[in-house]
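Results of the structural survey
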Amino acid sequence: MRSSHGIVRQITLGLTLLVAMGLAGLATAKAANPLSQDDISLLLLGGSPSQKIIALVEQRGISFPMNPDLAKKYHDQGASDDLIDA
């Protein structure tokens, strides 16, 4: 019987791998596809540095208008002021 610590560790590792695969998919997506609100949130929640997300925004653009509520949401998720401005 496995300990609950081992199971939690495996689940955490699995989730980390899923997020990494999703981020890799975003990084290799066509430049013609602008980033959605969910794409930005996933990148932030996955721990991507703001500078890397800024580079993607500059490369691909975004598919939504920025507004104060969304800016607050992104700040709460760890976005820098520079990313919000981008």
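Look up a bit, the structure's there.
The following refers to the structure shown. This structure is a prediction, so every number in the text was calculated from the model and none was measured.

With that settled, consider the overall build of the protein chain. A tally of regular secondary structure across the protein chain gives five helices and zero strands. Reading the secondary structure of the protein chain in the N-to-C direction produces α-α-α-α-α. For the protein chain, buried positions account for 26% of its 86 residues. In the protein chain, 66% of the contacts between residues at least 6 apart in sequence involve partners at least 24 apart. Total accessible area on the protein chain stands at roughly 6,000 Å², and carbon and sulfur atoms take up 60% of it.

Scanning the model with the defined rule gives one aromatic pair in all. Ring centres of F64 and Y74 lie 6.4 Å apart, and the angle between their planes is 65°; this geometry places the pair in the edge-to-face category. Separated by ten residues along the polypeptide, F64 in the loop between α3 (50-60) and α4 (68-76) and Y74 in helix α4 bring together distant segments of the chain. Its relative accessible area of 2% is what places Y74 among the buried residues.

Right, let's talk about α4 for a bit. It helps to recall that an α-helix has 3.6 residues per turn; residues three or four apart then point in one direction. Along α4, the residues classified as buried are L70, A71 and Y74. Angular distribution of buried residues about the axis of α4 spans 100°; they occupy a single face of the element. Pointing more than 90 degrees away from the buried face of α4 are the exposed residues P68, D69, K72 and D76. Buried positions along α4 lie against α2 (37-45) and α5 (81-85). At the N-terminal end of α4, a side-chain oxygen is found 3.0 Å from the backbone nitrogen of D69, two or three residues along, and the residue is N67. Positive backbone phi, approximately 110°, marks G78, located one or two places after α4.

Quick look at the nonpolar core now. Membership of the largest hydrophobic core comes to 15 residues, with the highest contact counts inside it found for I40, L44, I53, V57, Y74, A79 and L83. At the level of elements, α2, α3, α4 and α5 are the ones that each hand at least two residues to this core. Counting residues per element, this core draws most heavily on α3, at four residues. Not counting chain neighbours up to four residues away, the residues in contact with V57 comprise L35, I40, I62, L83 and A86.

Let us now look at the packing of α2 against α3. Where α2 contacts α3, the two axes come as close as 11 Å, and the packing angle between them is 160°. Classified by the angle between their axes, α2 and α3 sit roughly antiparallel to one another. The way α2 lies across α3 gives a crossing that is right-handed. Residue-level inspection shows D39, I40, L43 and L44 of α2 in contact with α3, the latter providing I53, L56, V57 and R60.

Quick notes on the rules
Residues numbered from 1 in each chain as written. Predicted model: local features only at pLDDT ≥ 70, side-chain atom pairs only at ≥ 80, totals over all residues. Heavy atoms only, no water. Helix = DSSP H or I, 4+ residues; strand = E, 2+ residues; numbered from the N terminus. Buried < 20%, exposed > 50% of the residue type's maximum accessible area, 1.4 Å probe, protein only. Contact = heavy atoms within 4.5 Å. Areas by Shrake-Rupley, 256 points an atom, 1.4 Å probe, with all protein chains shown as cover. Phe/Tyr/Trp six-rings, centres within 6.5 Å; stacked < 30°, edge-to-face > 60°. Arc of directions from axis to C-beta. Polar contact = N/O pair within 3.5 Å; in protein donor to acceptor, adjacent residues only side chain to side chain. Core = buried A, V, L, I, M, F, W, Y, C linked by side-chain atoms within 4.5 Å. Axes fitted to C-alpha atoms, helices over the stretch in contact; angles between N-to-C directions. Parallel < 35°, antiparallel > 145°, perpendicular 65-115°, else oblique. Left-handed = near helix turned anticlockwise from the far one by under 90°.

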